[in-house]
Structures are given as C-alpha cells and as structure tokens.
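Inside the fold
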Amino acid sequence: QAPAKSSAAMKWVAAVSFVILLSFAESRLLNKRDHNGHDHDHQGHGHGHDHDHEGHDPHEHRKTVGDVFKVLGEDRFKALAMIMVSQYLQKCPYEEQVQRVKAITEVGQVCSQGARRADCAHPAITVVLDELCKTPENAEKYPAHAQCCAKSGPDRNICFVEHKLTDPDAIPPHESPKPEAACHSYTADRANFLGGYIYEVARRFPMMYAPAILSVTEKLENIVVECCKDDAARDQCFTEKITSLRKGLISLSAIQKHNCIVLKRFGARVLQASKLVQISQKYPKISLKLAQELTSDVVHLHEDCCKGDTMECTLERLDLVTKTCKRKDEISSKLDECCSKDTLKGSECIVQLENDEKPADLSPQIREYIEDAEVCQKYADKKDIFMSGFVYEYGRRHPDYSTELVLRIAHGYEGFLKKCCGTEDVLVCLGKAEDLSKKEIEASKTTLKQTCGAYTALGPYQFQIMLLDRYVRKMPQLDNEKLIRITKAMTGVGKACCHLPEEKQMPCSEGDRKSTR
C-alpha cells in the first residue's frame with residue numbers, strides 16, 4: 001500500500017468535497033447492510049460495552065490473544081505489539097516499549113499453549129491496553145492516560161485512539177543512522193534494528209495501518225541488505241532508496257488517515273461508495289455482486305484498522321488477500337503473480353496492481369439508465385441496488401475518472417431520477433442528465449489541464465507561489481504554516497501526476513489509483 005504518488009488529503013482537481021460525500025451519505029447509493037448482514041452505518045469508532053471486545057461490536061467474534069499468536073507466529077506478533085504500544089504511547093523510549101512488548105508476547109505465547117488464565121479469554125487489544133494501563137504515566141507527557149485507563153470496555157480503546165498525537169510535528173523528526181552505522185546495527189542485531197524502525201515509524205504515523213508498517217519495514221530490510229553489500233556505493237544507495245521509501249510512507253499515511261477521517265465524520269456508507277468505484281475501476285471484469293462483497297470487506301477492514309486494533313486489522317488484511325486469491329479467476333487475470341506470493345507480500349502486490357483491461361464486449365455507454373422506460377420502477381423498487389449498479393457500471397467504464405467525479409455524476413443522476421420520475425416524459429427529462437454529466441466531466445478535465453499546464457510552465461517553486469497567492473485570498477483564516485504545508489503538498493501532486501499519460505492524471509491527482517485497499 002505504499003504509493004509514491006501524492007497526498008490523497010490534498011486533492012486538487014475538485015478538492016476534497018465533504019459536502020458531496022455528505023450528500024452521498026444521505027442518499028441510497030449502497031445497501032445499508034453488507035453480504036454478511038453487518039450494519040455499516042456506524043461511525044469509525046465502535047461504541048459497544050463488552051470489556052472483552054475493546055472497540056468492537058460485542059456481537060462480533062474476535063480471536064483471543066492465544067489464537068492470534070498461533071495465526072501470526074511469534075515474530076509477527078511481536079512486531080504488531082510494538083506497533084500498537086508505539087502508536088498509543090508515542091513519547092515513551094524504545095527500551096520501555098520493548099519491555100511492554102515482551103510482557104504482551106508472553107501472554108500470547110502461554111495462552112496459545114492452552115493455559116487457563118483469565119486474560120487468555122481476551123482479544124489481543126484488551127491485553128495490550130491492560131499492559132499500557134499497568135503503570136501510571138507522566139501526566140505532562142500523557143494528560144489523558146489516567147482518564148483513558150479509568151474507562152472500561154470499548155470506551156477505553158476509543159479514548160486512547162482519540163488522544164493519539166496526529167500532528168506532524170508532535171514527535172521530533174527521526175534522525176536516520178548513518179549508512180555505515182545502519183549496516184553494523186543490522187548485522188549485529190537484526191531483530192533490534194528492525195524493531196527500532198517499527199517503533200520510530202509507528203509513533204510518528206499513529207494512524208497508519210499495521211500491515212503497511214510491516215510492508216515498509218520489509219522494504220527497509222531489503223534496502224539495508226542490498227546497500228550494505230558494496231562499501232563504495234553504500235552511501236549513495238542509502239540516500240536514493242531511503243528518500244523514495246520515506247516519500248511513499250508519507251503518501252501512504254495520508255491515504256489511510258483520509259479513510260479514517262471519512263469513516264469518523266460520515267460513517268461507513270460514504271467510504272463504501274468510494275471503494276465500490278475504485279474496485280469497479282481496478283477490476284472491470286468483476287461481477288456487481290462480488291464487487292459489493294469486496295467493498296464491504298474492504299470497508300470493514302478499514303473500520304478495524306481505524307479503531308487501532310492492529311492484530312485484527314492485520315488478520316483481516318490477510319483474510320481479504322486469501323479470499324481475493326480464491327476468487328481471482330472471477331476478478332482479474334493479473335492477480336496470478338500476487339497470489340503466488342506470501343500473504344503479506346501478496347497484499348502489497350494487489351494494492352500496487354495496475355487496473356485490469358476492460359472487457360472487449362463492454363459497451364462505451366450505459367444507455368439502459370437513461371433509455372429504459374422501466375428505469376423509474378427499478379429505482380423505486382430497489383434504490384440501493386439500482387444506484388450501486390450505476391456506480392459499478394460507470395466506474396468500470398471510466399478508470400480515467402477520479403472517484404469523486406464518478407460519485408458526483410452518480411449523485412447528479414439520482415437527483416434527476418427524483419425529479420424526472422414525477423414527469424410525463426421521463427426519458428426526455430433523463431436525457432438532460434447526460435448533458436449535465438458531460439459538462440461536469442469537461443469542467444473537471446479543463447481544471448486538470450489548466451492546473452498541469454500552470455505547473456509545467458511555472459515549475460514547482462513558482463507554482464507553489466501562485467497557489468499561496470490564490471489561497472491567501474480564498475482562505476484568509478488559515479495561518480501561514482498551514483498554507484505552506486497545503487500548497488507544498490499540492491505542488492507535490494503536480495510533480496507526481498502531470499507527467500503521466502492523460503488517462504492517468506485525474507485518478508493520480510486524487511490519490512485514487514493505489515487506494516482501493
């Protein structure tokens with residue numbers, strides 16, 4: 001999941017239009033319940049009351065800490081425990097976190113061997129939070145620690161998640177070791193070296209999903225192994241590869257943070273809408289039913305990951321890869337290579353996979369939505385399914401459109417349905433929806449063309465100056481630091497996307513291409 005593209009939080013074709021997203025939350029785009037009967041209308045944080053299921057629906061089955069240990073194995077369990085404690089208590093030194101991880105791992109290990117202890121009945125997240133609350137923390141460092149630990153059940157986890165330090169400057173920048181020192185440290189103690197890297201990444205990116213941190217750590221190890229082979233080229237090798245890794249890390253963090261923000265503010269149905277578009281674009285040969293199933297699975301995965309449940313987040317990611325690979329023939333022929341890899345590597349491979357080719361017999365337009373005399377009856381009978389079908393059909397035909405554009409078109413079309421289905425000549429009325437869609441599409445393309453034209457003509461420095469001037473007038477309430485940060489990110493989008501072929505520029509500019517999972 002590590003695109004070196006751009007910050008999805010800084011979409012500049014149509015910007016992040018939460019007004020549009022909110023209108024979709026109120027519409028009937030997707031079925032309220034997924035294929036397993038889970039209600040997806042709740043927000044990004046659960047609010048049940050079962051202590052054994054911190055942050056989760058108490059009716060949902062969660063693996064106990066011993067079961068999780070058996071599934072993941074000791075090394076991966078330790079890595080995930082380090083991620084959890086480092087994302088919750090971000091200012092604690094590494095040595096302290098190592099001791100916490102040791103204690104949590106011991107519980108997982110003995111419980112996996114059939115020990116009959118009270119904590120063996122708990123999910124891993126409860127064991128982790130119990131460990132975090134064993135010792136009072138410095139009130140200046142963690143003013144909410146005592147408050148959170150005084151809570152029980154899911155409220156305790158919610159409290160910790162809500163008090164994560166998400167500001168980019170909350171933790172001082174990490175000073176990477178010199179290449180020579182890195183090579184020595186890795187050779188001397190591989191586990192400690194990689195554990196330290198996981199700790200440093202997790203505490204600076206507290207909303208990043210655990211599978212992504214594991215994947216980035218694996219990439220770091222590959223860099224170290226490769227660069228340390230040749231002393232003469234070592235420094236240059238590290239500089240080039242670590243810079244690229246860091247860019248991907250920042251981009252990935254922005255995409256995942258954006259997903260969590262959407263879940264928290266608008267609930268799962270809004271995220272479902274965008275994921276259905278992305279899955280339909282990536283896998284245009286997939287059936288609507290299977291696209292909906294994968295969409296629900298992906299959104300449920302994001303819900304657990306955004307709650308901070310690192311163990312469940314990882315298990316669900318691995319389960320999703322397994323499910324996808326079992327049905328790869330129904331999804332995409334490009335999945336063969338990914339599905340031959342280890343599950344964690346397969347996950348990364350699937351995310352990085354290019355969009356599949358459209359079916360040869362796929363018509364360029366979806367005429368049945370504006371030329372079928374029964375369209376109003378179909379909409380009235382099953383609004384959710386009907387609108388899901390529209391989004392799916394539109395998405396699979398237009399991988400060159402951004403998610404937001406497809407959602408705007410679908411929302412506009414539904415508005416026309418409500419208006420036209422009460423008139424005498426429905427089809428004539430719906431014909432106007434097509435004209436409006438064309439205008440919307442052309443407007444987005446024109447904005448993109450003008451913006452990329454300005455970036456190409458001015459270069460990155462002058463382009464950012466132009467943006468600063470524009471946004472100072474448009475958003476005078478923002479302080480200079482935020483404006484500089486925003487315009488710098490937007491300039492980065494220009495650098496990443498404007499050189500691409502035209503059909504890839506719009507999805508790139510909104511961070512869509514690699515964000516389906």
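Residues numbered from 1 in each chain as written. Predicted model: local features only at pLDDT ≥ 70, side-chain atom pairs only at ≥ 80, totals over all residues. Heavy atoms only, no water.

1. A few points about the state of the cysteines
Defined as follows: Disulfides are defined in this document as cysteine sulfur pairs within 2.5 Å. Helix numbering and strand numbering both begin at the N terminus, where a helix is a DSSP run of H or I of at least 4 residues and a strand a DSSP run of E of at least 2. Under the scheme applied here, a residue whose accessible area is under 20% of the maximum for its type counts as buried, over 50% as exposed, and between as partly exposed, the area being computed with a 1.4 Å probe on protein chains only.
This structure, assessed with the given rule, holds 13 disulfides. Covalently, Cys 183 is tied to Cys 228 through a disulfide, its sulfur atoms 1.9 Å apart. The disulfide joining Cys 183 to Cys 228 has a torsion of about -90° about its S-S bond and is therefore left-handed. Taken together, the residues span a long stretch of sequence, with Cys 183 in helix H8 (residues 179–188) and Cys 228 in the loop between helix H10 (210–227) and helix H11 (234–266) at a distance of 45 residues. Looking at Cys 228, the relative accessible area reads 22%, which means it is partly exposed. Between the sulfur atoms of Cys 305 and its disulfide mate Cys 313 the distance is 2.0 Å. When the S-S torsion is 85°, as for the bridge of Cys 305 with Cys 313, the disulfide is right-handed. For the pair shown, Cys 305 and Cys 313 are each scored as buried.

2. Thoughts on H8
The following threshold applies: To be clear, the arc concerns the directions from the helix axis to the C-beta atoms. The contact rule is simple, with two residues in contact once any of their heavy atoms fall within 4.5 Å.
Regarding H8, the residues found buried are Pro 179, Ala 182, Cys 183 and Tyr 186. Buried residues of H8 fall within an arc of 100° about the axis and therefore sit on the same side. Facing away from the buried surface of H8 by more than 90 degrees, the exposed residues are Glu 180, His 184 and Ala 188. Of the surrounding elements, those touching the buried residues of H8 are helix H9 (190–204), H10 and H11.

3. Re the nonpolar core
What counts here: To qualify as a nonpolar core, a set must consist of buried Ala, Val, Leu, Ile, Met, Phe, Trp, Tyr and Cys residues joined through side-chain atoms within 4.5 Å.
Core analysis: the largest hydrophobic core is formed by 71 residues, its most contacted members being Ile 286, Phe 390, Tyr 413 and Leu 430. Sorting elements by how many residues they give to this core places helix H22 (residues 426–474) first, with 12 residues. In contact with Leu 430, not counting residues within four places along its chain, are Tyr 369, Ile 370, Val 375, Tyr 413, Phe 416, Leu 417 and Cys 420. With 65 residues, the next largest nonpolar core counts Tyr 142, Cys 159, Ala 182 and Phe 238 among its residues.

4. Section: the confidence of the model for the chain
Rules: The quantity called pLDDT is the predictor's confidence in a given residue, expressed from 0 to 100.
Residues of the chain with pLDDT of at least 70 account for 86%, and the chain-wide mean is 83. Confidence drops under a pLDDT of 50 for residues 1–53, and excluding neighbours within four residues, the segment shows 179 contacts in the predicted structure. The low-confidence segment residues 55–61, where pLDDT is below 50, has 17 contacts with residues more than four positions distant or belonging to other chains.

5. Describing the pattern of salt bridges
So the rule is basically this: Each reported salt bridge corresponds to a side-chain nitrogen of Lys or Arg within 4 Å of a carboxyl oxygen of Asp or Glu.
Overall, the coordinates contain 31 salt bridges when judged by the stated rule. The residue Asp 130 makes a salt bridge to Arg 156 at a minimum N-O spacing of 2.8 Å. Highlighted residues: Asp 130 in helix H5 (residues 124–132) and Arg 156 in helix H7 (residues 154–162), separated in sequence by 26 residues. According to the relative accessible area criterion, Asp 130 is partly exposed, its value standing at 27%. Of the charged contacts, one joins Glu 393 and Arg 397 as a salt bridge, the two residues approaching to 2.6 Å between their closest N and O atoms. Here Glu 393 pairs with Arg 397, and both are found in helix H20 (residues 383–397), just four residues apart, close to one helical turn.

6. Considering the environment of Lys 102
Positionally, Lys 102 belongs in helix H4 (residues 94–112). Lys 102 sits in the partly exposed class, given a relative accessible area of 48%. With 24 residues separating them along the chain, Lys 102 and Lys 78 place their C-alpha atoms 7.7 Å apart.

7. As for the packing of aromatic side chains
Formally: When two rings of Phe, Tyr or Trp (its six-membered ring) have centres within 6.5 Å they constitute a pair, described as stacked for plane angles under 30 degrees, edge-to-face for angles over 60, and tilted for the intermediate range. When the NZ atom of lysine or the CZ atom of arginine is within 6 Å of a ring's centre and also within 35 degrees of its normal, the charge is said to sit over that ring.
On inspection of all chains with the given rule, the structure shows 13 aromatic pairs. Taken together, a centroid distance of 5.3 Å and an interplanar angle of 85° make the contact between Tyr 369 and Phe 390 edge-to-face. Of the two residues, Tyr 369 is situated in helix H18 (residues 368–371) and Phe 390 in helix H20; the sequence distance between them amounts to 21 residues. Judged on exposure class, the residue Tyr 369 and its partner Phe 390 are both buried. Connected via pairs of aromatic rings, a cluster forms that spans Tyr 369, Tyr 379, Phe 386, Phe 390, Tyr 394, Tyr 401 and Tyr 413. For Lys 164, the ring lying beneath its charged end belongs to Tyr 88, and the centroid distance is 5.1 Å. Sitting over the face of the ring of Tyr 379, Lys 383 holds its NZ or CZ atom 5.3 Å from the ring centroid.

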